[in-house]
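Report on the structure
For reference, the chains in residue letters:
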Amino acid sequence: MPSATNGNAAKLQFDTFSNVINGKLTHTEQTRHGINPATKKPNPEVPQVTKRDLDDAVRAAKSAFAKWSRTTIEERGKALSAFADALEDQTEEFAVLLTKEQGKPLRVAREEVFHGHHWMREIAKQSIPDEVLDDNEERQVVVRYTPLGVAAAIVPWNFPIHLACGKIAPAVMTGNTIIVKPSPFTPNCGLKLVELAQRFFPPGVIQALSGDDNLGPWITSHPGIEKISFTGSTATGKRVMESASKTLKRVTLELGGKDPAIICKDVDVKTVAPKVRHISRQLKSSLKILQIASLAYANSGQICIALKRIYIHESIYAEFRDEMIEYTKSLVAGDGLEKDTTLGPIQNKPQYERVQGFFADIEKEGYNVVVGGKNDTSSPGYFITPTIIDNPKEDSRIVVEEPFGPILPIMPWTDLDDVIARANNTRMGLGASVWSSDLVAARKIGERLEAGNVWINTHMAIDPRYPFGGHKESGIGSEWSLSGLKSFCNVQTLFVQK
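Below is a summary of the structure that appears in this document. From a predicted model like this one, the values you see are computed outputs, not experimental measurements. (Residues numbered from 1 in each chain as written. Predicted model: local features only at pLDDT ≥ 70, side-chain atom pairs only at ≥ 80, totals over all residues. Heavy atoms only, no water.)

1. Concerning the side chain of Gln48
Formally: Only DSSP runs of H or I covering at least 4 residues are called helices, and only runs of E covering at least 2 are called strands; the numbering of each starts at the N terminus. Classification of residues uses two cut-offs on accessible area relative to the type maximum, computed with a 1.4 Å probe and protein chains only: under 20% is buried, over 50% is exposed, and between them is partly exposed. Contact between two residues is taken to exist if any of their heavy atoms lie within 4.5 Å; hydrogens are not considered.
In this fold, Gln48 is placed in the loop between strand S4 (46-47) and helix H1 (51-68). Residue classification places Gln48 among the buried residues on the basis of a relative accessible area of 14%. Ignoring sequence-local partners within four residues, the contact set of Gln48 consists of Thr28, Gln30, Thr31, Arg32, Ser210, Gly211 and Asp212.

This is the structure we're talking about:
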C-alpha cells in the first residue's frame, strides 16, 4: 500500500482539474465548467466523461477490489486517517475553492472541510465484528459482513466535500472500491479531493469522474457497479432507485426533507429564537448547537435537514416571531469571500428559479410577509432575500413543499395532538426537533414525530458515530456509524458443523 507521506509531499495545485482513473489523472476531449454563484463567472474547466471513461474506471475498480478487499481493517484505517490528515493540511485551499464553486461564506466552507476530515477520522476507527449466533458441541454459526465490490458515490452540490468524505470513508473501510461522481454544478472540489486520495490508496480504490447529467444514469445502470450511495432530491432519488433496480444494485438514498420544529411555551424566547453561534467543536466534537432562525437559513436554506416549518406556541408566538425578524434583518448576503458575508447565494440557476417561484406565490396566495419578500434581481449572483411568511395556510405550497432556499413559514399552535399531526403531515421524514425546558415532555413529543432524526433543544446535530437516514420519502437506509458500514456489505451466515 502507498505510505502516508502527506507531511513531506508537495501540496496539491488548484489550477487544473482532472478525472482520476486507476490512479492516474486523465483528461477528455471535451470539457465543461461550473460557475461561481456569487458572480456568475466560470470556474476552472473540468473533464466531460464518456461511457468509455466509466467502463475504464469500473474495470480498474474491480481489479483493485481483488486486493483491497483482502487488506486488514488496520491497513484501511491507517490509509483513511492519513488521507484525513492531508485534507486538513490544505484546509484553506479547499475552503476557498469550495466558496468559489458552492457560494457559502468562507468561514462556513472551512467548517465543511473540518467535517470532511473529521468524518474520515472517526469512521477510520469503526469496524463490524463478526456475530456469533450459535456455538455448541454440534455447530458454530457466525454472521459475517463482506464487501459488495464496486460502489459509486453520487454527491450533491450543497456539501460537495463533507458528503463525499462521508461516502468514501465507509466504502473503503469495509473493503470496497468507490467511484465518486461530483455534482455537475460543483465538480472541482470532488475531483481535487480524490486526486489527494491517490497518495494513500492503491490505484483504482478511489476514483473520480466528472460529467454532465448523463453520467448519473450511466452509473446507476452500469452492470459492474454493485452499490449506489446517493444524496439529493426525492424526485431524483426515485429515478436512481428505478435504474438501480434493473441490476439489483444496493442503494442508500438520503433525500429531501421538510423538517418541522415544535416550539413549546416554556422556551427562553430570546435565547432560542435568534441565532446563537455554535459551541466549540472541541466541546461537542462535530455537533453544532444552532438556534431556530439560523437553522432555517444555514447554507442559505440549502440543507436537507434545515428547518423548513416552525410551529410556535400561541402564547409566545408574537414575541418569538419578532425575535426571528430581528435576526433575519441582521443577515448580510454577499460573496462568500467577503468577510462580512453571513448568507451566500443559491448555488445554481435551476435552484434559484425554483426558489423564485415561491416568491411569486406571495402575491398570488396573499401571504403575510413579515420580513424580506423581494429579491434584488440586479445583483451579480443568485442571491435570495431571507424571508419569513407569517401563518400561511397548512396546505399552501410553502408549507407542503421543500423550497431549498431561505424562505420560511412560521405557524402558531395551541393543541399538542393537533401540532404533532401537522408536523407529521408530509411525505417526507428526514428530521424534526422539539424545543422545551421540560425534557421529559419534549421527549414524549419527539417520540411521536415521524422522522429518522429527532432532536430535543437542537437540530442538525449529526455525528459520524450515529446513523443518519430518513423515513417515508426522505430516503432508504442510513449512512455513517455501524449501520452505514453495513450498508456497504453483504451479509453472510457461515455454518460450521463440528
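2. Details of the packing of helix H3 (residues 91-102) against helix H6 (residues 187-197)
Spelled out, the test is: Interaxial angles span 0 to 180 degrees and are taken between N-to-C directions of axes, which are lines fitted to C-alpha atoms, for helices over the stretch in contact. To sort the angles, those under 35 degrees are grouped as roughly parallel, those over 145 as roughly antiparallel, those from 65 to 115 as roughly perpendicular, and the leftovers as oblique. Residue classes follow a fixed rule: Ala, Val, Leu, Ile, Met, Phe, Trp, Tyr, Cys and Pro count as nonpolar, while Asp, Glu, Lys and Arg count as charged, and any other residue, Gly among them, counts as polar.
For the pair H3 and H6, the least separation of the axes is 8 Å and the interaxial angle reads 155°. The orientation of H3 with respect to H6, classified from their angle, is roughly antiparallel. Facing H3, whose interface residues are Phe94, Leu97, Leu98 and Glu101, H6 presents Pro187, Asn188, Cys189, Lys192, Leu193 and Leu196. Within the contact of H3 with H6, the residues separate by chemical class into 7 nonpolar, 1 polar and 2 charged.

3. Details of the nonpolar core
Heads up, the condition is: We define the nonpolar core as a collection of buried residues of types Ala, Val, Leu, Ile, Met, Phe, Trp, Tyr and Cys that are connected through side-chain atoms lying within 4.5 Å of one another.
Among the nonpolar cores identified, the biggest contains 94 residues, and Phe201, Ile263, Ile292 and Phe320 are the most heavily contacted of them. If you tally residues by element for this core, the top one is helix H5 (residues 162-173), at 8 residues.

4. With respect to the sheet that holds strand S15 (residues 387-390)
Applied cut-off: Being paired, for any two strands, means DSSP has found at least two bridges between them.
Reading across from one edge, S14-S15-S16-S13-S12-S18-S19 is the order of the 7 strands in this open sheet, with mixed pairing throughout. The open sheet has two edge strands, strand S14 (369-371) and strand S19 (453-456), and neither has a second partner. Sheet twist, expressed as the average angle between the axes of neighbouring strands with direction ignored, equals 25°. Here helix H15 (residues 439-446) sits on the sheet in contact with strand S12 (259-263), strand S18 (431-435) and S19, set at roughly 165° to S19.

5. A few points about the packing of H3 against helix H4 (residues 106-123)
When two helices pack together, you describe them by how their axes are tilted relative to each other and by the distance separating the axes. We apply this condition: Rotating anticlockwise by less than a right angle from the far helix to the near helix defines a left-handed crossing, while the corresponding clockwise rotation defines a right-handed one.
It is the contact of H3 with H4, at a shortest axis distance of 8 Å, that shows an interaxial angle of 120°. With respect to each other, H3 and H4 are oriented oblique. For the pair H3 and H4, the crossing hand works out as right-handed. Touching Thr91, Glu92, Phe94, Ala95, Val96, Leu98 and Thr99 of H3 are Leu106, Ala109, Arg110, Glu112, Val113 and His117, all from H4.

6. Some words on the sheet that holds strand S22 (residues 489-497)
Ordered by their spatial adjacency, 3 strands build an open sheet running S5-S6-S22, and the pairing between neighbours is antiparallel. Where the open sheet ends on each side, the last strands, each with one partner, are strand S5 (131-135) and S22. Adjacent strand axes in the sheet meet at a mean angle of 20°, parallel and antiparallel pairs treated alike. Where S5 meets strand S6 (residues 139-147), 4 bridges bridge the pair, whose relative direction is antiparallel. Residue pairing for S6: Asp134 is matched across the bridge by Val141.

7. Here's the deal with the packing of aromatic side chains
Cut-off, in case you're wondering: Note on aromatic contacts: the rings of Phe and Tyr and the six-membered ring of Trp form a pair at centre separations within 6.5 Å, being stacked when their planes are under 30 degrees apart, edge-to-face when over 60 apart, and tilted otherwise.
Under the criterion given, the structure shown has 9 aromatic pairs. Ring plane angle 25° and centroid distance 6.4 Å describe the contact between Phe83 and Phe200, whose orientation is recorded as stacked. Here Phe83, found in helix H2 (residues 73-89), pairs with Phe200, found in the loop between H6 and strand S9 (206-208); they are 117 residues apart in sequence, far enough to count as distant. Aromatic side chains Phe83 and Phe201 sit 6.1 Å apart centroid to centroid with 85° between the ring planes, which places their arrangement in the edge-to-face category. Here the residue Phe83 occupies a position in helix H2, and Phe201 occupies one in the loop between H6 and S9, the gap between them amounting to 118 residues.

Spatial relationships are all this shows, so hold off on functional conclusions.
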